Protein chains: 2
Amino acid sequence: MTDKTKKYDKLSSNMEDYLETVIVLKQKDGVVRAKDISELMNVTKASVSCALKTLSRKGFVLHEKYGHVDFTPKGEELANKIKKRHDMLTKFLKNILGLDNKLSEKDACKIEHALSTKTSKRLAKFVEFVQSSETPEWLKGFNFYIKTGKRSECKYKRKK
Amino acid sequence: MTDKTKKYDKLSSNMEDYLETVIVLKQKDGVVRAKDISELMNVTKASVSCALKTLSRKGFVLHEKYGHVDFTPKGEELANKIKKRHDMLTKFLKNILGLDNKLSEKDACKIEHALSTKTSKRLAKFVEFVQSSETPEWLKGFNFYIKTGKRSECKYKRKK
DNA sequence: AATCTAAGTTAGTCGAGTTTAACATGTTTC
DNA sequence: GAAACATGTTAAACTCGACTAACTTAGATT
């Protein structure tokens, strides 16, 4: 793989967002049109057209003029990674921090682009660790603390 | 307070970064010069000059030509909030996720701007809840899991 | 098949934030 | 106090991603 190829494998937050929207639409509808992207992202058709040109030039999507949008293998792989990261982050916000659905979704959309690979992986392990079986006692304790402002009684003595 | 005043109280991520750098330098050196900002942020002096003009116009800093930089009360208040949020996030990454110092710092810098007020507050409660006394057993368990890939034995039976 | 409408594209503009290069000011040192 | 050097500012250009407005194409309707 040449340096040149490598260089095109990083995308801006905005381009990541477009890619993510494409995979969401593809999974939902099977087929992806610019119109749907523009509606889902609340941007104009012109912006979508422009973004698709960029993603196409960089080798993430296939997009002939006036045609449907599809992934290249590279694009699909990246889109999947992005989506997974998004879902993991949403889980963290919702199931661990206990934020509501809407906010979890919305904040995940913003935060996801800021996570380094390492941090993303570590957080994924954290979520997995916490959610691997039934809700742990301490998390119930945290929920209680959020609701009431009080710490629920604990079986263990605390120093101080 | 007029609408007009209110409107100026939101800053872009970039401007938040400048403000944060100013408070860091002020706490470190007592006095803030454009040069130091430019070094700490790795941008040119020209960029700093431009940013200070913006922050000054919006009423967050006081900055006379060729002079030192200081906060307005409004600017100081916001800078403090930003710094607190940053420190809280760093704590989370470092002390709970167990990431190393450098990465925690670096990722906090990026993530902090993406947190909504509500999420930021909730995360702060989470950090406070977890760190209010000695390291809880479950967190030790997580650290063990990160290191070894194995879950340490647990006193409680798990359903499956 | 001609037309109408929905969808997509292009061209030009804007704003934020960056850069380089040239210029201005302040400070130190002799 | 003048020269030299460090620091700060300005101007012009660039990138990115958004927008509007005008245009083109594809598909549905008749």
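Residues numbered from 1 in each chain as written. Chains lettered and ligands numbered in written order. Predicted model: local features only at pLDDT ≥ 70, side-chain atom pairs only at ≥ 80, totals over all residues. Heavy atoms only, no water.

A. Broad picture of the nonpolar core. In terms of nonpolar packing, the biggest core is built from 42 residues, with Phe92 and Phe126 of chain A together with Phe92 and Phe126 of chain B touching the most fellow members. At the level of elements, α5 (73-96), α6 (101-111), α7 (117-131) and α8 (137-148) of chain A together with α5 (73-96), α6 (101-111), α7 (117-131) and α8 (137-148) of chain B are the ones that each hand at least two residues to this core. In this view, phenylalanine 126 of chain A contacts Phe92 and Ile96 of chain A together with Ile96, Leu97, Phe126, Trp138 and Phe142 of chain B; residues no more than four positions away in its chain are not counted. (Core = buried A, V, L, I, M, F, W, Y, C linked by side-chain atoms within 4.5 Å. Buried < 20%, exposed > 50% of the residue type's maximum accessible area, 1.4 Å probe, protein only. Helix = DSSP H or I, 4+ residues; strand = E, 2+ residues; numbered from the N terminus. Contact = heavy atoms within 4.5 Å.)

B. Spatial organisation of the protein's contact with DNA strand D. The immediate surroundings of DNA strand D are formed by 19 residues, with Ser12, Asn14, Tyr18 and Ser47 of chain A together with Lys35 of chain B found nearest. Counting only atoms of DNA strand D within 4 Å of the protein, the fraction found in sugar and phosphate groups is 79%. In this structure, serine 12 of chain A approaches DNA strand D through a side-chain N or O atom, which is 2.3 Å from a phosphate oxygen. In this structure, a phosphate oxygen belonging to DNA strand D sits 2.9 Å away from a side-chain N or O atom of lysine 65 of chain B. Those elements giving two or more residues to the surface near DNA strand D turn out to be α2 (13-29) and α4 (45-57) of chain A together with α3 (34-41) and α4 (45-57) of chain B. The greatest single-element share of the surface near DNA strand D, amounting to 4 residues, is contributed by α4 of chain B. Tallied by class, the residues present in the surface near DNA strand D amount to 8 nonpolar, 6 polar and 5 charged. (Near = heavy atom within 4 Å. Polar contact = N/O pair within 3.5 Å; in protein donor to acceptor, adjacent residues only side chain to side chain. Nonpolar A, V, L, I, M, F, W, Y, C, P; charged D, E, K, R; others polar.)

C. A look at the interface of chain B and chain A. Counting residues at the interface gives 36 residues for chain B, matched by 35 residues for chain A. Contact with chain A buries surface across chain B, with Arg122, Phe129 and Trp138 of chain B losing the most and accounting together for 19% of the total. Linking chain B to chain A there are 2 salt bridges. The residue arginine 151 of chain A makes a salt bridge to glutamate 128 of chain B at a minimum N-O spacing of 3.7 Å. Among the elements of the structure, α5, α6, α7 and α8 of chain B are those that each provide at least two residues to the side of chain B that touches chain A. (Buried area = accessible area lost by both parts, 1.4 Å probe. Salt bridge = Lys/Arg side-chain N within 4 Å of Asp/Glu carboxyl O.)

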